[in-house]
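# Summary of the model geometry
These are the residues of each chain, in order.
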Amino acid sequence: MLARVWALVIKEFLAILRDKKSRFVLIGPPLIQLLVFGYAATFDLNHIPYAVYNQDPGYASRQLLGYFQGSTAFRQVATVTDEGQIAPLIDDEKVLLVLQIGPRFTEDLLRHRPAPVQVLIDGRNSNTATLALNYVNSVLLRFDQRWAADHHWGKPPAQLLVRAWFNPNLLSRWFIVPGIVALLMLVVTLLVTGLSVAREREQGTFDQLLVTPMTPAEILLGKALPGIFIGALEGTFIALVAVFWFGVPLVGSILALALGMLLFLLAAVGIGLMISSLAVTQQQGLLGAFLFLVPAIILSGFATPIANMPELVQDLTLANPMRYFLVIVRGVFLQGDSIPELWSQYWPLAIIAGLSMTAAAWLFRHRLQ
Amino acid sequence: MAVTTEASSPLQLRAVVKTFARGKDAVHALDGVDLEITAGKVTGLLGPDGAGKTTLMRLAAGLLRPSSGSVTVLGRDLGRGAGSLQQAIGYMPQRFGLYEDLSVQENLDLYSDLQDLDPKAARQRQQELLELTALGPFGRRRAGDLSGGMKQKLGLACALLRAPQLLLLDEPTVGVDPIARRELWQIVDALRRQGTTVLMSTSYFDEAERCDEILLLNAGKILQQGPLPHFTAPLRGRCFLVRHRGLRRRLLREALQGRAGVLDARITAAGVRVLSGQGQPSAQPGEEWQAVEPAFEDAFVALLGRVQEGGATNASKTPEQGAVKPAEKAIGRAGDGDTAVVEVHDLRKCFGSFEAVRQCSFTVRQGEIFGLLGANGAGKTTTFRMLCGLLPASSGSLKVAGVDMRRATSAARGRIGYVAQKFALYGNLSVDQNLAFFAAAYGLRGGHRRMAIANAREEFQLAAYGAVNADDLPLGIKQRLALACALLHEPPILFLDEPTSGVDPLARREFWQRINALAAQGVTILITTHFMDEAEYCDRLVLMSLGEILAQGSPAQLRQQARTAEQPEPTMEEAFIRLIEEHERVIRRAS
Amino acid sequence: MNSRRLRGLIRKEFIQIRRDPSAIAIAFFMPVFLLFLFGYGVSLDARRVPLAVVVDQPTAQSSTLVAGLEHSPYFRPRHYASIQEARTALLRRQVDGIVWLRADFSRRLLRGQSPDIGVFVNGVDANNARIVEGYLQGVWQNWLQQRALAAGTPLLVPVDAKDRVWFNPALRSRDYLVPGLIAVIMTLIGALLTALVVAREWERGTMEALMATPVQMAEILLGKLIPYFLMGMGGMLLSVALAVWLFAVPLRGSFWVLLLSSALFLLVALGMGLLISSVARNQFVAGQIAIIVTFLPAFILSGFIFDIQSMPAAIRIITHLIAARYYVSLLQTLFLAGDIWPIVLWNSLALGLMALFFLGITLRRSHKRLD
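A short tour of the structure in this document, coming up. (Residues numbered from 1 in each chain as written. Chains lettered and ligands numbered in written order. Predicted model: local features only at pLDDT ≥ 70, side-chain atom pairs only at ≥ 80, totals over all residues. Heavy atoms only, no water.)

### Quick notes on the overall build of chain C
Within chain C, the regular secondary structure consists of 14 helices and 5 strands. Seen along its three principal axes, the alpha-carbon backbone of chain C occupies a region of about 95 × 45 × 40 Å. Counting the 371 residues in chain C, one finds 63% classified as buried. Considering only contacts within chain C whose residues lie at least 6 apart along the sequence, 77% involve residues at least 24 apart. When the accessible surface of chain C is summed, it comes to about 14,100 Å², and 63% of that surface belongs to carbon and sulfur atoms. (Helix = DSSP H or I, 4+ residues; strand = E, 2+ residues; numbered from the N terminus. Buried < 20%, exposed > 50% of the residue type's maximum accessible area, 1.4 Å probe, protein only. Contact = heavy atoms within 4.5 Å. Areas by Shrake-Rupley, 256 points an atom, 1.4 Å probe, with all protein chains shown as cover.)

Below is the structure:
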């Protein structure tokens with residue numbers, strides 16, 4: 001029995017690797033996605049274009065603006081001299097925000113009177129706007145502390161001292177790149193297993209397989225193993241790229257990561273084989289994989305926190321294997337987690353894996369009728 | 001477009017070369033072809049797989065541009081595209097070019113529009129064509145739900161909408177049953193009477209004989225062109241019919257094939273037909289030799305056998321001498337035992353409300369070659385799939401080697417070999433990898449596995465193709481590989497589902513020699529086929545139509561059943577058509 | 001160009017669309033599915049962040065701050081007895097941050113020593129961490145303000161930002177995600193579906209039969225373009241209707257400008273789809289290429305979710321080649337800001353040029369031959 005399963009595994013590998021197209025599907029898109037996601041998918045703001053409308057002749061405003069000019073997050077692209085120039089700048093997306101400083105800014109400050117700065121911001125992309133406002137506030141905070149110290153304003157009664165654990169500079173790349181490990185493992189495994197039975201059905205080789213002495217269980221196993229191998233290989237590769245190319249720290253237990261990968265792959269392969277058993281043609285398989293992948297990725301916490309979703313959707317995500325694996329990858333990479341800390345993620349993943357494999361086996365037998 | 005007169009040829013090729021880049025190599029599909037098709041005649045294009053038939057058709061239809069040389073259609077050089085000339089050409093590609101999700105009527109409407117027929121003329125022409133093709137009652141049916149024969153007729157109707165001056169048909173009769181084939185020929189004959197020039201490629205010899213002219217293509221070159229006598233005349237005095245009182249035809253053929261001076265021996269209804277190298281070879285006692293008129297098949301074998309001397313598809317060198325010994329070990333040399341190996345009783349299969357197979361009973365004895373014949377959609381493949389355990393029967397009983405394959409254990413399944421209709425091999429695995437996989441899948445291991453693979457490579461002459469992907473093999477070699485894979489575990493029972501559909505004539509002959517050799521060693525063989533000449537090779541046959549068995553018995557018995565006053569000696573094909581038509585008449589009357 | 005042939009081809013295409021479940025799935029099911037997924041499932045606005053609160057020594061001073069946290073709509077504070085416990089909770093992802101008031105907090109506060117309010121956020125999700133930080137600053141400033149009011153002494157903060165958010169004052173992320181999603185949906189219909197259906201004609205051999213008729217290549221192309229253009233516009237109208245009536249996204253610009261610019265983008269997408277299918281004549285490869293060169297960029301490089309300005313320079317340059325980038329900008333502007341002509345004109349011009357480019361190349365590359 002082992003020999004037969006092994007032969008099937010070898011055959012699956014050859015079928016995937018000898019074909020130029022399938023080889024490309026396994027190597028091309030993941031690499032492109034890795035680079036694009038790694039570089040382009042970031043919530044950190046850089047070079048926010050802004051304009052200044054400074055009506056104040058004094059030195060305080062120049063000092064304040066110096067803080068903005070010194071920050072890499074901002075890039076001044078225009079100077080406004082007249083109220084009417086502001087709207088076109090924002091409307092045409094020339095700038096994201098305009099800092100408007102009133103005519104008596106320095107005077108007020110020197111008289112110990114609070115002097116507001118108007119921030120006019122383009123809210124079309126509300127996430128960018130929220131973040132940019134946060135950035136502005138933190139620049140102002142630094143200026144305030146300096147000004148208060150230099151001009152005897154006295155300290156505020158209590159200070160907020162914020163420290164970020166695990167990612168002190170709050171680089172969103174550290175968040176996104178480990179997520180790609182999960183994302184691409186899911187995509188590749190699903191493509192490998194989701195199309196494998198459909199392809200054999202289309203080519204007629206499935207019948208040929210069924211008349212051999214192989215049992216359905218052996219066929220299923222022979223189909224599952226290549227998916228797991230390839231997924232694990234791809235996952236390991238991306239993890240290495242994350243560490244050595246993108247410089248994301250890997251501080252936790254590798255064993256914990258490996259265990260997570262295994263369970264996640266089992267779940268993904270089970271789902272892939274379910275799709276495969278249901279699909280008659282490769283096109284249906286592809287469509288099925290797509291219909292599973294899109295919500296699985298969007299509702300996983302990959303880019304947006306699950307906590308922000310409506311309750312009902314949050315409950316739905318409990319069935320999503322990627323949700324658990326994302327926590328494991330990020331936990332191991334950034335938080336330094338080891339196996340005991342991740343139990344709460346392992347067991348639901350194991351249950352999903354068990355259920356999906358069982359369902360795949362049942363569907364597989366059932367569809368043979 | 002009144003350029004065509006009787007004198008000028010509607011299709012001329014001058015020094016045409018067509019190469020395709022395949023990887024780093026350039027493949028010469030056509031290599032210096034000069035030809036002229038005679039106006040108003042039907043020209044048959046024959047040749048082995050990969051001879052360049054489809055390339056030639058596509059060049060003529062303006063779908064390909066020659067690498068060098070010129071193609072002139074209806075007096076115009078196609079060098080700068082076909083343009084409006086395509087209104088005068090009808091072309092039916094191998095896969096018919098139908099939209100399967102459109103109905104018959106919708107397909108006709110589309111092609112009428114594409115031919116820019118005004119609605120009134122279109123309606124009238126469609127009516128004519130629907131009558132001609134007898135598709136009238138099926139106007140609303142989706143093309144995808146039509147049988148192979150009906151699809152082919154619809155494809156032809158679509159190509160005929162604007163009565164073309166030149167009609168190009170690429171293998172229109174592949175995978176089509178004799179009845180549909182006869183109907184197609186009725187249409188072609190009607191066109192011939194109207195003066196349409198037809199060029200059709202085919203792998204049937206009898207079709208070639210019905211053509212006015214024959215074009216024999218091999219490896220991108222024209223081997224010979226002319227009317228039938230042009231091919232057969234040189235063979236006069238070299239063709240014989242041999243009968244033997246004691247020996248069965250199969251054994252007689254084997255005896256004759258090995259004899260000195262015999263180029264080829266094949267089984268026909270009347271006896272064994274022999275093609276000699278020269279004159280009459282020596283006769284053995286009990287044999288009765290009779291000189292006969294040469295047929296096109298003899299010419300084909302004589303011409304291509306010579307060209308391909310030493311090649312892989314050599315018809316005169318058969319593999320059977322050193323051939324397969326497998327089943328001997330499994331069941332001993334059985335000859336014609338009386339043990340029933342396959343028993344089918346009252347088998348029935350329904351798909352929803354549609355009864356695909358009903359009241360089907362037959363028995364196959366050990367060592368028999370047992371044929372299932374029938375029109376497209378008669379239920380042959382469904383029956384086969386039930387026998388192999390791929391489909392559950394709705395009712396009735398079936399036993400293969402004493403067990404129901406549906407509930408069989410792995411071990412029991414190891415006793416059958418199966419070659420599916422389309423050669424179900426892993427296309428991007430090499431020949432060796434396919435063999436290795438199936439050997440392991442059948443549970444062979446260690447030295448046994450190595451032996452089986454080595455034997456298969458040798459016996460099926462696959463060694464030269466070891467590293468070639470199965471997809472890139474010529475059809476004939478593919479079929480050889482499929483058979484080799486199914487025989488690796490030396491099964492005592494072999495199921496072959498239309499194993500020769502679309503395979504060129506030489507490869508088909510070679511295939512049958514192997515099958516005969518296997519049967520001689522006691523392997524039980526069940527086979528479905530569309531080729532009526534192949535039916536003659538079977539020991540016993542069942543003839544199926546609309547899911548029922550019409551007749552069963554030996555080929556001679558079946559022919560006997562169809563005997564009438566007008567046709568005292570019907571061929572298998574005539575018998576087939578007659579029996580099925582009779583049955584369908586009965587059914588129609590009943591309903 | 002012959003109108004009867006073209007009509008025949010278009011009629012055929014519509015019959016096929018009607019009978020092919022996967023076309024219906026991509027053209028009508030997918031848009032609704034994606035809109036619901038993004039409209040309901042995705043939000044970047046952190047709400048009710050679980051926050052650990054550790055007060056070593058509760059006093060009147062500390063309780064006012066904790067009350068501020070509890071009344072904030074952004075937090076769900078949980079109390080922990082010690083910083084160790086809170087830390088464990090953070091590690092277990094039960095809370096996203098910790099606010100820690102040390103034992104000497106009140107004492108130093110009363111003495112005017114300006115004690116620290118210790119804040120630890122889980123930096124794994126950097127974006128979320130920043131948002132949490134911003135919310136906390138808000139609570140802190142409120143608290144300072146209230147203390148100052150209670151004491152009757154004005155709050156002494158030198159510079160304070162008075163922000164005014166244009167176009168989307170409530171900063172609802174749905175208002176920009178839903179319009180942006182229309183670009184993704186139109187890409188699916190225009191490029192992916194078109195590439196698949198043309199590849200299918202090659203795969204099934206019907207293209208060969210078509211080419212053997214007198215039909216011209218331009219007619220074959222138009223015969224694909226027109227039906228899928230209408231499908232794409234249908235998908236767009238469906239999405240706009242859902243956006244406006246179901247998700248209550250304002251449509252401030254003119255509907256006709258939206259229609260026109262969508263038509264331009266659709267032409268680009270169709271051009272890409274046709275071009276892909278002229279390169280890849282099988283559905284599997286065509287689908288893969290379409291996803292990589294059209295769908296993924298529309299998602300990631302278009303500014304739909306991620307801010308283009310913040311990408312590295314090399315990638316910013318690449319985004320100029322992505323048609324969806326111009327369309328997303330048009331969509332967000334037309335929905336939220338209105339008819340801002342410079343944006344409308346420049347982006348439309350870019351789309352128009354790209355449409356010409358892709359359709360032109362497709363026409364040039366398409367020969368009525370098999371080789």
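### What about the pairing of strand 1 (residues 11-22) of chain B?
Residues and elements named next belong to chain B. Relative to strand 4 (residues 68-73), strand 1 runs antiparallel, the two sharing 5 bridges. When the bridges of strand 4 are listed, R14 appears paired with S70. The sheet contact formed by strand 1 and strand 2 (residues 25-37) spans 10 bridges and is antiparallel. Within strand 2, the residue paired with F20 across the bridge is V27. (Pairing = 2+ DSSP bridges.)

### Some thoughts on the packing of helix 13 (residues 431-441) of chain B against helix 15 (residues 475-487) of chain B
How two helices sit against one another is set out by the angle between their axes and by the gap between those axes. Residue and element names in this part refer to chain B. For the pair helix 13 and helix 15, the least separation of the axes is 9 Å and the interaxial angle reads 25 degrees. Here helix 15 runs roughly parallel to helix 13, going by the angle between their axes. Helix 15 is crossed by helix 13, and the crossing has right-handed handedness. Here helix 13 contributes V431, N434, L435 and F438 to the contact with helix 15, which in turn contributes L481, A484 and C485. Considering only residue class, the contact of helix 13 with helix 15 consists of 6 nonpolar, 1 polar and no charged. (Axes fitted to C-alpha atoms, helices over the stretch in contact; angles between N-to-C directions. Parallel < 35°, antiparallel > 145°, perpendicular 65-115°, else oblique. Left-handed = near helix turned anticlockwise from the far one by under 90°. Nonpolar A, V, L, I, M, F, W, Y, C, P; charged D, E, K, R; others polar.)

### Brief notes about the sheet that holds strand 5 (residues 76-77) of chain B
Strand pairing in a sheet is mediated by backbone hydrogen bonds. Such pairs are either parallel or antiparallel. As summarised here, the arrangement of the 4 strands in space is 2-1-4-5 (chain B), forming an open sheet in which the pairing is antiparallel. Each end of this open sheet is capped by a strand with a single partner; those strands are strand 2 and strand 5 of chain B.

### Side note on the interface of chain C and chain A
Contacts between the two partners involve 100 residues from chain C and, on the opposite side, 102 residues from chain A. A buried area of about 9,100 Å², summed over both sides, lies between chain C and chain A, and 66% of it is on carbon and sulfur atoms. The three residues of chain C that bury the most area against chain A are R130, P158 and V159 of chain C, which together make up 8% of that side's buried surface. For the pair chain C and chain A, the number of links is 2 salt bridges. D337 of chain A is the partner of R93 of chain C in a salt bridge, and the nearest nitrogen-oxygen pair spans 3.2 Å. Along the contact surface separating chain C from chain A lie 32 residue pairs in polar contact (both at pLDDT 80 or more). Counting residues per element, the side of chain C that touches chain A draws most heavily on helix 6 (residues 126-151) of chain C, at 14 residues. Taken together, the residues of the side of chain C that touches chain A break down into 62 nonpolar, 22 polar and 16 charged. Summarising the sheet, strand 5 (residues 159-165) of chain A and strand 4 (residues 116-122) of chain C pair through 7 bridges and their orientation is parallel. Opposite R163 of chain A, over in strand 4 of chain C, you have F120 of chain C as the bridge partner. (Buried area = accessible area lost by both parts, 1.4 Å probe. Salt bridge = Lys/Arg side-chain N within 4 Å of Asp/Glu carboxyl O. Polar contact = N/O pair within 3.5 Å; in protein donor to acceptor, adjacent residues only side chain to side chain.)

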